[in-house]
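Observations on the three-dimensional arrangement
The chain contents come next:
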Amino acid sequence: MYFSKISATGSCAPDKIVTNDDLSKIVDTNDEWIVSRSGIKRRHFSSGENASDLATGAAEEIIKRSGIDPLDIELIIVATVSADYTTPSTACLVQANIGAANAVAFDVGAACAGFMFGLSVADKYIKCGVYKNAIIIGTEVLSKYLDFNDRGTCVLFGDGAAGVLLERTEEQEGILCEEIGSDGFKAMALTKGFSPAGNVFNNVSCEADRSMKMDGKAIFDFATRSVPVSVKKLLEKSGRFTDEIDFVIPHQANSRIVEIISRKLKMPLDKFYMNMDEYGNTSSASIPLALNEMVEKGIIKKGSLCIFTGFGAGLTWGSMLVKF
Ligand code: COA
């Protein structure tokens with residue numbers, strides 16, 4: 001039986017930093033409100049880099065750190081909801097940029113749980129013996145979709161990319177168990193980029209609406225209810241207990257959400273890694289951005305047992321038990 005282990009991580013964020021004070025110059029908001037409601041202090045915004053540029057930067061870092069020859073990369077999955085193009089996929093753009101001529105490349109869209117869904121797909125390919133390795137990257141340039149007249153939403157999001165190299169192993173390590181799910185019945189709680197079905201033979205508008213729209217309270221309730229349930233199911237499935245877990249790497253949407261999840265799971269808050277103060281909510285990039293930072297700081301060590309848990313538009317969620 002095969003397992004898939006994370007053998008390298010990498011990230012890439014735009015250099016441009018926008019602080020809460022910077023935002024308060026163009027939006028009716030202030031640092032105190034944003035920090036107290038979300039834990040976010042600043043975010044990185046694109047100076048022109050698109051989702052594929054950031055994803056390529058993350059992939060290049062993964063290649064450099066792992067030493068893998070790009071020609072040996074077998075699968076590239078990019079999770080994004082802010083792709084440069086609807087088609088070609090961002091994964092195909094990354095494939096060409098890094099010279100991974102032998103890889104199969106495609107995108108997955110599951111919003112802020114996108115990295116979890118991408119990891120899940122890649123894990124299956126590896127466990128079935130189809131591929132020996134895969135690069136999975138979450139990348140977002142959400143700044144291009146923000147409505148700066150909607151102060152309840154625009155202050156929360158940022159841009160960035162990060163990912164991992166997943167490799168086949170026969171050791172019982174890497175992705176040990178997962179729990180993922182969707183609830184399309186609540187799809188309208190968080191939307192972005194409506195494209196109407198207008199054409200020259202009907203009277204339907206052709207005008208697309210790019211911006212992100214969110215029912216903040218509905219998402220807050222969803223996250224604080226569904227994530228603890230998902231993590232509990234994951235622990236049950238895997239026969240593990242909370243005190244065996246070294247770290248939880250949650251989707252970096254909001255520190256208040258993470259605090260409630262920690263209370264509901266009766267797990268100490270210091271096991272939950274957070275870096276939304278620096279990046280804001282970067283959707284599918286947020287979990288790998290946090291993971292990469294933990295690896296760089298030496299927090300995650302060989303043998304660390306972690307839970308990744310993400311939630312987002314769709315609605316979607318996903319949790320994974322990962323042994324390093
Ligand atoms: N700056 C200052 N005031 C703001 C503001 C801002 N950026 N945004 C909203 N407000 C105001 C509101 O207008 C409201 O004022 P009022 O009482 O005079 O009407 C007040 O703050 C409270 O607004 P409310 O929407 O009730 O705030 P909240 O405590 O529910 O927090 C969110 C709003 C969005 C921070 C919160 O609902 C949340 O975190 N939701 C989850 C969002 C999320 O994580 N989404 C991504 C999921 S992947």
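Look a little higher up for the structure.
The paragraphs below set out a description of the structure included in this document.

The rules behind each value
- Residues numbered from 1 in each chain as written.
- Predicted model: local features only at pLDDT ≥ 70, side-chain atom pairs only at ≥ 80, totals over all residues.
- Heavy atoms only, no water.
- Helix = DSSP H or I, 4+ residues; strand = E, 2+ residues; numbered from the N terminus.
- Rg over C-alpha atoms; globule rule 2.2 N^0.38 Å.
- Lys, Arg positive; Asp, Glu negative; His and termini not counted.
- Charge placed at Lys NZ, Arg CZ, Asp CG, Glu CD.
- Phe/Tyr/Trp six-rings, centres within 6.5 Å; stacked < 30°, edge-to-face > 60°.
- Buried < 20%, exposed > 50% of the residue type's maximum accessible area, 1.4 Å probe, protein only.
- Salt bridge = Lys/Arg side-chain N within 4 Å of Asp/Glu carboxyl O.
- Pairing = 2+ DSSP bridges.
- Axes fitted to C-alpha atoms, helices over the stretch in contact; angles between N-to-C directions.
- Contact = heavy atoms within 4.5 Å.
- Disulfide = S-S within 2.5 Å.
- Near = heavy atom within 4 Å.
- Polar contact = N/O pair within 3.5 Å; in protein donor to acceptor, adjacent residues only side chain to side chain.
- Areas by Shrake-Rupley, 256 points an atom, 1.4 Å probe, with all protein chains shown as cover.
- 1 Å grid on protein atoms, 1.4 Å probe; cavity = no way out; pocket = protein on both sides within 12 Å on 5 of 7 lines; lining within 4 Å.
- Sits in = over half its atoms within 2 Å of the grid points.
- Nonpolar A, V, L, I, M, F, W, Y, C, P; charged D, E, K, R; others polar.
- Domains from an automatic or database assignment.

Section: the overall build of the protein chain
From N to C terminus, the protein chain includes 10 helices and 13 strands. For the protein chain, whose C-alpha radius of gyration is 19 Å, the value lies close to the compact-globule estimate of 20 Å for 324 residues. Along the first, second and third principal axes, the C-alpha atoms of the protein chain reach 55 × 45 × 40 Å. Computed over 34 positive and 41 negative side-chain charges, the inter-centroid distance for the protein chain is 5 Å.

Observations concerning the packing of aromatic side chains
Pairs of aromatic rings are described using the distance from one ring centre to the other and the angle between the two planes. Scanning all chains against the criterion turns up five aromatic pairs. Seen from their ring centres, Phe45 and Phe148 are 6.3 Å apart, and the 75° between their planes marks the pair as edge-to-face. You can see Phe45 sitting in the loop between strand S3 (42–44) and helix H3 (51–66) and its partner Phe148 sitting in the loop between strand S6 (133–141) and helix H6 (151–154), a full 103 residues away along the chain. Given the relative accessible area of 8%, Phe45 is considered buried.

Description of the pattern of salt bridges
Enumeration over the complete set of coordinates arrives at 14 salt bridges. Notably, a salt bridge pairs Glu173 with Lys302, separated by 2.9 Å at the nearest N-O pair. Remark: Lys302 occurs in the loop between helix H10 (286–296) and strand S12 (305–312) and Glu173 occurs in the loop between strand S7 (159–169) and strand S8 (174–182); sequence separation between them is 129 residues. Classification of Glu173 as buried rests on a relative accessible area of 9%. In this structure Lys302 comes out as exposed when scored by relative accessible area, which is 70%.

Concerning the sheet that holds strand S11 (residues 247–250)
The mixed open sheet is built from four strands, whose spatial order is S8-S13-S12-S11. The sheet terminates laterally at S8 and S11, the two strands that pair on one side only. The average angle at which neighbouring strand axes cross in this sheet is 15°, direction not considered. As judged from the eight bridges shared by S12 and strand S13 (residues 316–323), these two strands associate in the antiparallel manner. Paired with Phe311 across the bridge in S13 is Trp317. Contacting S8, S12 and S13, helix H5 (residues 114–127) crosses the sheet at an angle of about 130° to S8. Its contacts with the sheet place H10 against S11 and S12, and it is angled at close to 140° to S11.

A look at the state of the cysteines
Across all of its chains, the model carries zero disulfides by this definition. A disulfide-free cysteine, Cys177 has its sulfur positioned 15 Å from the sulfur of Cys306, the nearest such atom. Overall, Cys177 belongs to the buried group, its relative accessible area being 12%.

Section: the sheet that holds S7
What the five strands build is an open sheet, ordered S1-S7-S6-S4-S5; its pairing is mixed. Each of the sheet's edge strands pairs with one partner strand only, and the pair in question is strand S1 (3–12) and strand S5 (104–108). Here the strands of the sheet are splayed against their neighbours by 20° on average, with no regard to which way each runs. Helix-sheet contacts for H3 involve S1, S6 and S7, and the interaxial angle to S1 is about 120°.

Focus on the site of the ligand
Around the ligand sit 21 residues, and of these Thr29, Arg37, Arg151, Lys217 and Asn254 come closest. Take Arg37: an N or O atom from its side chain is 2.7 Å from an oxygen atom of the ligand. In this structure, Lys217 approaches the ligand through a side-chain N or O atom, which is 2.6 Å from an oxygen atom. Burial of the ligand by the protein chains amounts to 72% of its free accessible area of 970 Å². Because more than half of its atoms lie within 2 Å of the grid, the ligand is assigned to the second largest pocket. Of all the elements in the fold, those that place two or more residues in the shell around the ligand are helix H2 (31–38), H6, helix H7 (216–238), helix H8 (255–265) and S12. With four residues, H7 is the largest single contributor of residues to the shell around the ligand. A class-by-class count of the residues in the shell around the ligand yields nine nonpolar, seven polar and five charged. When residues are assigned to domains, the shell around the ligand turns out to be shared by domain 1 (3–172) and domain 2 (176–323), each giving three or more.

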